[in-house]
Amino acid sequence: MAKLVHTQSGKVIGEYPLVKGSISIGRSKDSDIRLEDITVSGCHAVVEVVTSEYMDNCNDVYLIDQHSTNGTIINGRHVKRHLMKHGEMAVIGQNEFSLIDEESLSFERTMVFIPENKQG
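Overview of the structure. (Residues numbered from 1 in each chain as written. Predicted model: local features only at pLDDT ≥ 70, side-chain atom pairs only at ≥ 80, totals over all residues. Heavy atoms only, no water.)

Some remarks on the overall build of the protein
Part 1 of the argument: Of the regular secondary structure elements, the protein holds one helix and 11 strands.
Part 2 of the argument: Going through the 120 residues of the protein one by one, you find that 38% of them count as buried.
Part 3 of the argument: In the protein, once contacts between residues fewer than 6 apart in sequence are set aside, the share between residues at least 24 apart is 33%.
Part 4 of the argument: Element-wise, carbon and sulfur atoms account for 50% of the exposed surface of the protein, whose accessible area totals about 8,200 Å². (Helix = DSSP H or I, 4+ residues; strand = E, 2+ residues; numbered from the N terminus. Buried < 20%, exposed > 50% of the residue type's maximum accessible area, 1.4 Å probe, protein only. Contact = heavy atoms within 4.5 Å. Areas by Shrake-Rupley, 256 points an atom, 1.4 Å probe, with all protein chains shown as cover.)

Overview of unusual backbone geometry
Part 1 of the argument: A positive phi angle, close to 60°, is found at H67, a residue other than glycine.
Part 2 of the argument: Position of H67 relative to the elements: it lies in the loop between β6 (59-65) and β7 (72-74).

Here we look at the sheet that holds strand β4 (residues 33-34)
Part 1 of the argument: Pairing is mixed in the open sheet, where five strands are placed in the order β4-β3-β5-β6-β9. Each edge of the open sheet is held by one strand with a lone partner, namely β4 and β9 (81-84).
Part 2 of the argument: Relative to β6, strand β5 (residues 45-51) runs antiparallel, the two sharing seven bridges. Counted as the bridge partner of V46 is I64 from β6. (Pairing = 2+ DSSP bridges.)

Describing the sheet that holds strand β1 (residues 3-8)
Sheet strands pair by backbone hydrogen bonding; their relative direction is either parallel or antiparallel.
Part 1 of the argument: The sheet built from six strands is open, its strands ordered β2-β1-β11-β10-β7-β8 with antiparallel pairing. Strands at the two margins of the open sheet, each flanked by one partner only, are β2 (11-17) and β8 (77-79). Across the sheet, the mean angle separating the axes of adjacent strands is 30° when strand polarity is ignored.
Part 2 of the argument: Relative to strand β10 (residues 89-92), β7 runs antiparallel, the two being bridged by two bridges. Across the sheet, residue I74 finds its bridge partner in β10, namely A90. (Axes fitted to C-alpha atoms, helices over the stretch in contact; angles between N-to-C directions.)

Quick notes on the pairing of β9
Part 1 of the argument: Covered by surrounding structure in β9 are H82 and M84 only, the residues R81 and L83 on the alternate face being uncovered.
Part 2 of the argument: Relative to β9, β6 is paired through four bridges, and the arrangement is antiparallel. The partner of I64 across the bridge, within β9, is R81.

A word on the nonpolar core
Part 1 of the argument: Judged by nonpolar contacts, the single largest core of 20 residues is most densely connected at L18, I25 and V47.
Part 2 of the argument: Those elements giving two or more residues to this core turn out to be β3 (21-26), β5, β6, β10 and β11 (95-100).
Part 3 of the argument: Ranked by residue count, the leading element in this core is β5, at three residues. (Core = buried A, V, L, I, M, F, W, Y, C linked by side-chain atoms within 4.5 Å.)

What about the side chain of S98?
Part 1 of the argument: Looking at the secondary structure, you find S98 in strand β11.
Part 2 of the argument: If we skip the residues at most four places from it in the chain, S98 touches K3, L4, V5, E88 and M89.

Honestly, that's just the spatial picture; any functional story needs more than this.
Next comes the structure, spelled out in structure tokens:
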């Protein structure tokens, strides 16, 4: 099962299992993941977990910025909507959120099969 790992200054703050649905991230008391950080908007971002359109029995994880003041950064770029991959890190204010999805790693490895050359 995929999870979102919250870190700050290299210290793990929390881990959140990702199941279908959405998780809100922000400074608001109504946020699912509440951040005590003045650089974070009240409703800063949403993580959406949806059934993958392309892979059976798999989910896709989208990080969607909610028009936040300071933005959401992934791979050094401000993003509005991003399909996250295993190991990617989102930066929200002074907080980092890494996607850990070890199940998806099995799809990244492809075995090369070379049939024996039979001569007759």
